[in-house]
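Structural overview
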Amino acid sequence: GSDRALRRALARQALSRPPRPPLPPQLCGGANDPRSRSASSVVSPDGAFIFVGTRPGRLSALVAASGRQRWSQRLAGGDERRAPSAVLTSPDGAVVFAAFGGGKGPGTEGAEGVVRALEVGAGEEKWTHDLADALPRHIALSHDGAILFVGTSSGSLLAVSAADGSVRWTYEVGETVPDDWTFYVCPDRRSLIFWAGDGLLHAVCVGSGERRWVIGPGEAPPSDWAFCASPDGSRLFFCTSDGLLRAVAAASGEICWTYSLGPEATPHSWAAGPDGACLFLGTAQGELHALDVAAGSRRWLYAAPSALTSCTLLPDGSA
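Notes on the structure in this doc start here. It should be emphasised that the depicted structure is a prediction, and the values quoted were computed from it without experimental measurement.

About the cut-offs
Residues numbered from 1 in each chain as written. Predicted model: local features only at pLDDT ≥ 70, side-chain atom pairs only at ≥ 80, totals over all residues. Heavy atoms only, no water. Helix = DSSP H or I, 4+ residues; strand = E, 2+ residues; numbered from the N terminus. Buried < 20%, exposed > 50% of the residue type's maximum accessible area, 1.4 Å probe, protein only. Areas by Shrake-Rupley, 256 points an atom, 1.4 Å probe, with all protein chains shown as cover. Core = buried A, V, L, I, M, F, W, Y, C linked by side-chain atoms within 4.5 Å. Pairing = 2+ DSSP bridges. Axes fitted to C-alpha atoms, helices over the stretch in contact; angles between N-to-C directions. Phe/Tyr/Trp six-rings, centres within 6.5 Å; stacked < 30°, edge-to-face > 60°. Contact = heavy atoms within 4.5 Å.

**Comments concerning the overall build of the chain**
A count of helices and strands for the chain gives one helix and 25 strands. For the chain, the proportion of its 319 residues judged to be buried stands at 52%. Total accessible area on the chain stands at roughly 14,100 Å², and carbon and sulfur atoms take up 49% of it.

Structure representation (structure tokens):
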């Protein structure tokens, strides 16, 4: 039937992808590597399983080679129209994490938000964390897979133990109710940098949740392409609605330089060169900017006939 055809299509898609590295990339959300984003479906690190979030609040594990369903679990009650909002696997592929938010009314009214950890082999529950009256908007893992970061609709960032679901620390963004979160775990594994839709860029200590720095760009960055990072993690790049691109030192929050894309420019895609020397940014207006990362100056500009919705580099960075 249609379910079997869907499973086979998903299996073919998974097998066509190259194998992933043991640890996920540092960028969780943002732009450089979609494999690190939390999504409603994800492939296990070894490519053996596909985890698919479907309505009503159900997570299923499919065998990638055949499309056969290995197991299927209901995550929570609540709104029958909702599927899991985010799914991630642990670096070793042994555990899958799923976030679900159901509600009885519009927005977050009557919300029933939960995050669950399931054993990959049989789908057995490892732990469940109840978010009470908040909805999970985005999740990400620390490099070692020990901490699960959860951004919620109530403006709280939770650091949850991946082993047992207990809360290690909580960081409050403020009185705003963020609809979108973007996470970046720095390569030094000590800092988590994030944007929560409040117009501010936050940096906190991974171990304690203590604030390292906060900067206010004035206008909120576009939610879909909030920011990206250089390969070594030393600099972050973000755009504001006035068409300005800023480079920020990840360690201190200091703004290194500002580059104008134009007052009407809307960023649609990012790509950083493998050596970190060049940043490529495509806009909805069809312009591809190649920028020198050290100086913030333009190397060249390409004008396309339509919007640049994706930007990808060859592994060697030659094209």
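After that view of the structure, there is still more to cover.
**Topic: the nonpolar core**
F97, V115, W127, I139, L148 and V150 are the most contacted members of the largest nonpolar core, which has 17 residues in total. Of all the secondary-structure elements, those providing two or more residues to this core are β6 (86–89), β7 (95–102), β8 (112–119), β10 (136–141), β11 (147–152) and β12 (156–161). It is β7 that provides the largest number of residues to this core, a total of three residues. Within the second largest apolar cluster, 16 residues are counted, among which are W169, W181, A196 and V204.

**A look at the environment of F238**
Within the secondary structure, F238 is located in strand β19 (residues 235–239). A sequence separation of ten residues divides F238 from C228, and the C-alpha atoms of the two residues are 6.8 Å apart.

**Examining the pairing of strand β25 (residues 298–303)**
Pairing of strand β24 (residues 287–292) with β25, which is carried by five bridges, proceeds in the antiparallel orientation. Across the sheet, residue L291 finds its bridge partner in β25, namely R298. Adjacent in sequence and paired antiparallel, β24 and β25 are bridged by five residues, among which G296 carries a positive phi angle near 80 degrees.

**A closer look at the sheet that holds strand β2 (residues 41–43)**
What the four strands build is an open sheet, ordered β2-β3-β4-β5; its pairing is antiparallel. Across the chains shown, the open sheet's two edge strands, defined by having one partner strand only, are β2 and β5 (69–74). Going from strand to strand, the sheet's axes swing by 15 degrees on average, the running direction of each strand aside. As defined by bridge partners, β2 adjoins strand β3 (residues 49–54) across three bridges and the pair is classed as antiparallel. Paired with S41 across the two strands is V52, which belongs to β3.

**What to know about unusual backbone geometry**
Its identity is not glycine, yet R189 carries a phi of approximately 65 degrees, on the positive side. Relative to the helices and strands, R189 is located in the loop between β14 (182–185) and β15 (191–195).

**A closer look at the packing of aromatic side chains**
Inspection of every chain in the model, using the stated rule, returns ten aromatic pairs. Both rings, one in F49 and one in F51, keep their centres 6.3 Å apart while their planes meet at 35 degrees; by these two values the pair is tilted. F51 shares its class with F49; the two are buried. A network of ring pairs unites the aromatic residues Y171, W181, F183 and F194 as a single cluster.

**Considering the sheet that holds strand β20 (residues 244–249)**
Spatial strand order, β18-β19-β20-β21: four strands in an open sheet with antiparallel pairing. Each having just a single partner strand, β18 (227–229) and β21 (255–260) make up the two edges of the open sheet. Averaged over all adjacent pairs, the angle separating strand axes in this sheet is 20 degrees, with direction ignored. Bridge analysis of β19 against β20 gives five bridges, and the strand direction is antiparallel. If you follow L236 over to β20, its bridge partner there is V248.

**Some details on the environment of W300**
Secondary-structure assignment places W300 in strand β25. Separated by 20 residues in the primary sequence, W300 and F280 have C-alpha atoms spaced 9.8 Å apart. Setting aside residues no more than four positions away along its own chain, W300 makes contact with F280, L288, H289 and A290.

**Describing the pairing of strand β4 (residues 58–63)**
Of all six residues that make up β4, five are buried, and the element is covered over most of its length. Strand direction decides the pairing type here: β3 and β4, joined by six bridges, are antiparallel. Bridging across to β4, G53 finds its partner in L59. The loop that links β3 with its antiparallel partner β4 comprises three residues; one of these, G57, has a positive phi angle of about 60 degrees. Of the pairings in the sheet, the one linking β4 to β5 comprises five bridges and is antiparallel in character. Across the sheet, A61 pairs through a bridge with W71, a residue of β5. Hairpin connection from β4 to β5: five residues lie between these consecutive antiparallel strands, with G67 at a positive phi of about 80 degrees.

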